[in-house]
Amino acid sequence: MAGSSSEADRLPASPDHMAALEKGLAVIECFDAGHDRLTIADVARATDLSRAAARRCLLTLTRIGYAEFDGKFFRLTPRVLRLGYAWLSSTALPKLVQPFLERLSEETHESCSASLLDGHEIVYIARSAQRRIMSVGLSTGSRLPAFCTSMGRVLLAALDPEEARARILAGKPNALTPHTVTEIGKLMEILAQVRTEGHAIVDQELELGLVSLAMPLVNGRGQVAAAFNLSVQSQRVAGDEIETNLLPRMRAMQKLLQPLIA
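Each value, and the rule that gives it
- Residues numbered from 1 in each chain as written.
- Predicted model: local features only at pLDDT ≥ 70, side-chain atom pairs only at ≥ 80, totals over all residues.
- Heavy atoms only, no water.
- Core = buried A, V, L, I, M, F, W, Y, C linked by side-chain atoms within 4.5 Å.
- Buried < 20%, exposed > 50% of the residue type's maximum accessible area, 1.4 Å probe, protein only.
- Helix = DSSP H or I, 4+ residues; strand = E, 2+ residues; numbered from the N terminus.
- Contact = heavy atoms within 4.5 Å.
- Phe/Tyr/Trp six-rings, centres within 6.5 Å; stacked < 30°, edge-to-face > 60°.
- Lys NZ or Arg CZ within 6 Å of the ring centre and 35° of its normal.
- Expected span 1.5 Å × (residues − 1).
- Bend = angle between axes of the 7 residues up to and from the residue.

Draft legend 1. Main features of the nonpolar core. Of all hydrophobic cores here, the largest spans 26 residues; its most connected members are Ile-122, Ile-168 and Leu-191. Counting residues per element, the ones that place at least two in this core are strand S4 (121-128), helix H6 (150-157), helix H7 (161-170), helix H8 (184-197) and strand S7 (210-218). With 6 residues, the single largest contributor to this core is H8. Leu-191 has contacts with Arg-153, Leu-156, Ala-157, Ala-164 and Ile-168, leaving out every residue within four places of it along the chain. In terms of nonpolar packing, the next biggest core, distinct from the first, is built from 25 residues, Leu-93, Cys-112, Leu-217 and Met-253 among them.

The following block contains the structure:
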């Protein structure tokens, strides 16, 4: 369950800061797939708020339609989707990359996605799937840890190394498979290699049998705007095919998109 700590915690205090709004958003964020129904005590623990503050936030969210209460548990309502849709509808990038992902997916018969970095996680902003290759279904808005995903490593590699290190440590990396790299020194070495090579390959670190190749989406000024990937099942694609067939196709897409990205 998400806590209240974030990059915002390191910002200096401001007289314009609205603590009540921050608390309300923290309460919304503590609901997730594993915690869809929460009590006041659950929310207080997850957000580091007092029970009284958590109660006020939950009752306010219920009153304005963002949550509902059954007498014991609170849960979010579909109205919360307005918050995410506001970003999607006002941002050109997901609409821009979607047809390119679909074309790449059709050409390779593999699943393709694009994501942004949010704290120590990646957030999917577009996706085209030929088949389901992960045990967990992924769609726009899905989140995964950045440290062990190919897109996450591409996005982390674009940061100042100390910032990347801080984000990785904030996520408290743990092994998801026997192949997952969690040691911070080794992860920093991997990011340096990604920075040099311009792409990342993650072999069964997120899920057994899953191999993913990612590259940055770079704008005309050379800034990394997002990342995109192509995911395959290890038993179907030989290691050399990734380098000889899939990587050139992804580089071609990256080149096509660069002058279009603001």
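This is not the end of the story, as more comes after the structure.
Draft legend 2. Structural view of the packing of aromatic side chains. Applying the stated rule across the entire model yields 1 aromatic pair. Summarising the aromatic geometry, the rings of Phe-69 and Phe-74 are spaced 4.2 Å apart at their centres and angled 20 degrees between planes, so their arrangement reads as stacked. A cation sits over an aromatic face here: Arg-37 above Phe-73, 4.2 Å from the ring centre. Directly above the ring of Tyr-66 sits Arg-79, whose terminal nitrogen or CZ lies 5.2 Å from the centroid.

Draft legend 3. Region of interest: helix H5 (residues 92-108). For H5, with 17 residues, the first-to-last C-alpha span of 25 Å sits near the 24 Å given by 1.5 Å per residue. A bend of about 30 degrees at Gln-98 is the largest found in H5, and the proline Pro-99 appears one to four places after it. Looking only at H5, the buried set comprises Leu-93, Pro-94, Val-97, Phe-100, Leu-101, Leu-104, Ser-105 and Thr-108. His-109 sits one or two positions beyond H5 and adopts a positive phi of about 60 degrees.

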